[in-house]
Amino acid sequence: MNENGEVPFYERVRARRRELGLTQEEFGQRIGISKAAVSAIEKGKNAPGPETYSRMVSEFNLGSIPSVGYIQEDVDVPFSNGLKLPAARGYKVPYLERIRRDEMIKKASQVFTNQIDLYNGLSTYPLGLPKFSKPYDGSFVVEIGSDDAMQPLLGSGSKVLAWPVAKEEWGYQAPGVYVVLTKDRMMVKRLKDNSLNEKKKLTLHPENTNSGSILTLSENELVAIWKVERIVDSPIS
């Protein structure tokens, strides 16, 4: 049980499997993952991706899924100049303000259960997308800070839409802009050198080399990764 009096997800998984009398292999077969993956989840070492998490909750009645997906409704989309544009298709997605990143880091420093658990307690952001478009499941909007050093591409106060990358896919990510969470920091950086599969290292670059430095992280430092899909709002400085 954690400090909030809640039973961590990984403990619920282990208890439910034993209650059903299933081996880790049998448990994994029912939701399409390996015995090793089940073992890692039950020990709190790995977090299942959103799709696996959803299957686990549904198949084994582990409780309701946190409301972290997008909500489709009519929304007015705000812009930095104070104007609002009625969206033809509107969504509300979880929103992480820059000043609330420490809350994410605190959650990551504790026993980590599932990537989407990190969204609990976040506010929402009204997001307008082109017709026939919609956010990926598990997407959220992140506000850029000056210490991300992503100028001129992304100035402080810019907002981006990012979608989660499953842990098994980390080593196959192509160059681009990513949100990266470790147990002691959270940042938005450009990925240029992905050697997780070969050297167990991820190298992140700032857009502005005058105010930021290159950062190399080992695989065991990483908690969660999101790929930035699009810029939602970018104020003119």
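Residues numbered from 1 in each chain as written. Predicted model: local features only at pLDDT ≥ 70, side-chain atom pairs only at ≥ 80, totals over all residues. Heavy atoms only, no water.

A.B. asks: What should I look at first to understand the overall build of the protein in this one?
C.D. replies: When you go through the protein residue by residue, the secondary structure sums to six helices and 12 strands. Evaluated residue by residue, the protein yields a buried proportion of 47% over its 237 residues. A fraction of 62% describes how many contacts in the protein between residues 6 or more apart in sequence connect residues 24 or more apart. Entry remark: accessible area of the protein is about 12500 Å², with carbon and sulfur atoms responsible for 48%. (Helix = DSSP H or I, 4+ residues; strand = E, 2+ residues; numbered from the N terminus. Buried < 20%, exposed > 50% of the residue type's maximum accessible area, 1.4 Å probe, protein only. Contact = heavy atoms within 4.5 Å. Areas by Shrake-Rupley, 256 points an atom, 1.4 Å probe, with all protein chains shown as cover.)

A.B. asks: What is the right way to read the packing of aromatic side chains from this model?
C.D. replies: Given two aromatic rings, their pairing is described by the distance between the two centres and the angle made by the two planes. Within this structure, the stated rule accounts for three aromatic pairs. With 5.1 Å between their ring centres and 55° between their planes, Tyr95 and Tyr125 make a pair best called tilted. With Tyr95 in strand S4 (residues 90–96) and Tyr125 in strand S5 (residues 123–128), the pair connects residues that are 30 residues apart, well separated along the chain. (Phe/Tyr/Trp six-rings, centres within 6.5 Å; stacked < 30°, edge-to-face > 60°.)

A.B. asks: Explain unusual backbone geometry here, please?
C.D. replies: Backbone geometry follows two general trends: most residues other than glycine have a negative phi, and most peptide bonds adopt the trans configuration. Look at the link from Gln151 to Pro152: it is a cis peptide, with omega at 5°. Phi at Ala149 takes a positive value of approximately 55°, unusual for a residue other than glycine. Assignment of secondary structure puts Ala149 in the loop between strand S6 (140–143) and strand S7 (159–165). A positive phi is found at Lys200, a non-glycine position, where the angle reads about 60°. With respect to the element layout, Lys200 can be found in the loop between helix H6 (196–199) and strand S10 (201–205). Of the residues examined, Lys200 reaches a relative accessible area of 43% and is grouped as partly exposed.

A.B. asks: Would you explain the packing of helix H2 (residues 24–31) against helix H3 (residues 35–42) in this entry?
C.D. replies: Between two packed helices, both the angle of their axes relative to each other and the distance between the axes serve to describe the pair. Running from amino to carboxyl end, H2 crosses H3 at an angle of 105°, the nearest separation of the two axes being 8 Å. On the basis of the axis angle, H2 is roughly perpendicular to H3. Seen from H2, the contacting residues are Gln24, Glu25, Phe27 and Gly28; seen from H3, they are Lys35, Val38, Ser39 and Glu42. Residue composition of the contact of H2 with H3, by class: two nonpolar, three polar and three charged. (Axes fitted to C-alpha atoms, helices over the stretch in contact; angles between N-to-C directions. Parallel < 35°, antiparallel > 145°, perpendicular 65-115°, else oblique. Nonpolar A, V, L, I, M, F, W, Y, C, P; charged D, E, K, R; others polar.)

A.B. asks: Before we go on, may I ask you to explain the pattern of salt bridges in this structure?
C.D. replies: Proximity of charged atoms lets side chains of opposite charge pair with each other. Here the structure, examined in full by the defined rule, presents 10 salt bridges. With a shortest N-O distance of 2.5 Å, Arg17 and Glu42 are connected by a salt bridge. With Arg17 in helix H1 (residues 9–20) and Glu42 in helix H3, this residue pair connects regions lying 25 residues apart in the sequence. Classification of Arg17 as buried rests on a relative accessible area of 10%. For Glu42, a relative accessible area of 2% gives the class buried. Two residues, Glu103 and Arg100, come together in a salt bridge whose shortest N-O distance is 2.9 Å. With a relative accessible area of 39%, Glu103 lands in the partly exposed category. Accessibility expressed as a relative area gives 18% for Arg100, which makes it buried. (Salt bridge = Lys/Arg side-chain N within 4 Å of Asp/Glu carboxyl O.)

A.B. asks: I'm lost on the pairing of S7 in this one. Help?
C.D. replies: Regular strands show a simple pattern: their side chains alternate between the two faces of the sheet. Extensive coverage of S7 is indicated by the burial of six of its seven residues. In terms of strand pairing, S6 meets S7 through four bridges, oriented antiparallel. Bridging across to S7, Glu143 finds its partner in Lys159. Two strands pair when backbone bridges link them, and S7 and strand S12 (residues 222–233) are joined in this way by seven bridges, in the antiparallel orientation. Pairing of Trp163 across the sheet is with Lys227, part of S12. (Pairing = 2+ DSSP bridges.)

A.B. asks: How should the confidence of the model for the protein be read in this particular structure?
C.D. replies: Predicted confidence across the protein gives a mean pLDDT of 77, with 75% of residues reaching 70 or more. Scored below 50 in pLDDT, residues 64–74 shows 31 contacts in the model against residues more than four places distant or in partner chains. (pLDDT = per-residue confidence, 0-100.)

A.B. asks: Looking at this structure, how should I read the side chain of Thr182?
C.D. replies: Inspection of the secondary structure assignment puts Thr182 in strand S8 (residues 176–182). Polar side-chain contacts of Thr182 include one of 2.9 Å to the side chain of Asp184. In this view, Thr182 contacts Ala108, Met187, Leu217, Glu221 and Val223; residues no more than four positions away in its chain are not counted. (Polar contact = N/O pair within 3.5 Å; in protein donor to acceptor, adjacent residues only side chain to side chain.)

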